[in-house]
Amino acid sequence: AHCAAEQPAPTPLSKAVDSAVQAASVASAVAVAVGVAKAEAAAAAEQRRLEARDAMDAALDEARERFETELAEQREEWRERCAEVETERDVLRAKLKTAETELEEIAQMEEEEEAEAAAAEAAAADADKATKVALANAEDKVARALEDAAAAREAERLATSELRDVYADLAGAQTRAEADR
C-alpha cells in the first residue's frame, strides 16, 4: 500500500506523452520498414538491371559469334568463288591465246597460199609465154619442113625426069648399037 501510494497516478499529460512516444516509435518502425523496403526494391531493381545487362551482353556475344561465324563462312565462300573465277579466267586466257595462235597460223598460211598462188600465176604466165614461143618456133620449123619437103619433091621430080631421059638415052644407044651390029 505504501508502494502503491508512492506511484503517482497517470495524468492526461503523461498519457499524451506515452501516446506520442508510442506513435513516434511506430512511425520510426514504419520509416525503417519503408527504408528497408526501398532498399530491397532498389537492390532488386539493381539485380534485375544487372541480370538484364548480363542477358543483353550474352545476347550480344552470341550475335557477335554468329555474325563472325557467318562472316567467316561468307569469306570462305568468297575465297572459293574468287579461286573459281581465277581458274575460269586462266582457262579463258589459255583459250584466247590458243585462238590468237590459230589466227596467226591461218594468216601465215593465207600469206603462204597467196605467195604460192602468185608464184603459180607467174609460172603459168612464163609457161604461156614459153608455149607461145615454142608454138611459133614449131610453126616456123613446120613451114621450113614443108618448104624443104616441097623442094625435095621438086628435086625428086627433076631427078626422076632426068633419070627417064638417061634411061631413054641408054635405050636409044642400045638400040643403035644392036642395029649397027
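Just so it is clear, the model here is predicted, and its values are computed rather than measured.

How each quantity is defined
- Residues numbered from 1 in each chain as written.
- Predicted model: local features only at pLDDT ≥ 70, side-chain atom pairs only at ≥ 80, totals over all residues.
- Heavy atoms only, no water.
- Helix = DSSP H or I, 4+ residues; strand = E, 2+ residues; numbered from the N terminus.
- Rg over C-alpha atoms; globule rule 2.2 N^0.38 Å.
- Buried < 20%, exposed > 50% of the residue type's maximum accessible area, 1.4 Å probe, protein only.
- Areas by Shrake-Rupley, 256 points an atom, 1.4 Å probe, with all protein chains shown as cover.
- Lys, Arg positive; Asp, Glu negative; His and termini not counted.
- Charge placed at Lys NZ, Arg CZ, Asp CG, Glu CD.
- Patch = residues over 30% accessible without salt bridge, like charges linked within 9 Å, V, L, I, M, F, W, Y side chains within 5 Å.
- Salt bridge = Lys/Arg side-chain N within 4 Å of Asp/Glu carboxyl O.
- Polar contact = N/O pair within 3.5 Å; in protein donor to acceptor, adjacent residues only side chain to side chain.
- pLDDT = per-residue confidence, 0-100.
- Contact = heavy atoms within 4.5 Å.

A few points about the overall build of the protein
Alright, step 1. In terms of regular secondary structure, the protein is built from two helices and zero strands.
Alright, step 2. The C-alpha radius of gyration computed for the protein amounts to 75 Å, which surpasses the reference 16 Å derived for 181 residues by more than 25%, pointing to a less compact arrangement than a globule.
Alright, step 3. Principal-axis analysis of the C-alpha atoms gives the protein an extent of 255 × 25 × 15 Å.
Alright, step 4. Relative to its 181 residues, the protein shows a buried fraction of 0%.
Alright, step 5. Entry remark: accessible area of the protein is about 15,700 Å², with carbon and sulfur atoms responsible for 59%.
Alright, step 6. With 23 positive and 44 negative side-chain charges, the protein shows a spacing of 2 Å between the two charge centroids.

Some remarks on a nonpolar patch on the surface
Alright, step 1. On the surface, Leu163, Val166, Tyr167 and Leu170 cluster together to form a nonpolar patch covering roughly 410 Å² of accessible area.
Alright, step 2. Checked against the element boundaries, Tyr167 lands in helix α2 (residues 12–180).

Looking at a negative patch on the surface
Alright, step 1. Residues Glu110, Glu111, Glu112, Glu113, Glu114 and Glu116 make up a contiguous surface patch of negative charge.
Alright, step 2. With respect to the secondary-structure elements, Glu110 resides in helix α2.

A look at the pattern of salt bridges
Alright, step 1. Tallied over the entire structure, the rule returns nine salt bridges.
Alright, step 2. The network of salt bridges with shared partners includes Arg81, Glu84 and Glu88.

Side note on the environment of Arg64
Alright, step 1. As for its placement among the helices and strands, Arg64 is situated in helix α2.
Alright, step 2. Judged by relative accessible area, Arg64 falls into the partly exposed class, the value being 44%.
Alright, step 3. Each C-alpha atom, one on Arg64 and one on Asn137, is 106 Å from the other, the two residues being 73 residues apart in sequence.
Alright, step 4. Engagement of the side chain of Arg64 in a polar contact is seen with the side chain of Asp61, the distance being 2.8 Å.

Focus: the confidence of the model for the protein
Alright, step 1. Confidence in the prediction for the protein averages 90 pLDDT; 96% of positions are at 70 or higher.
Alright, step 2. Confidence over residues 1–5 falls short of pLDDT 50; this stretch has zero contacts with residues more than four positions distant or in other chains.

As for the environment of Glu147
Alright, step 1. With respect to the helices and strands, the residue Glu147 is situated in helix α2.
Alright, step 2. A relative accessible area of 56% means that Glu147 is categorised as exposed.

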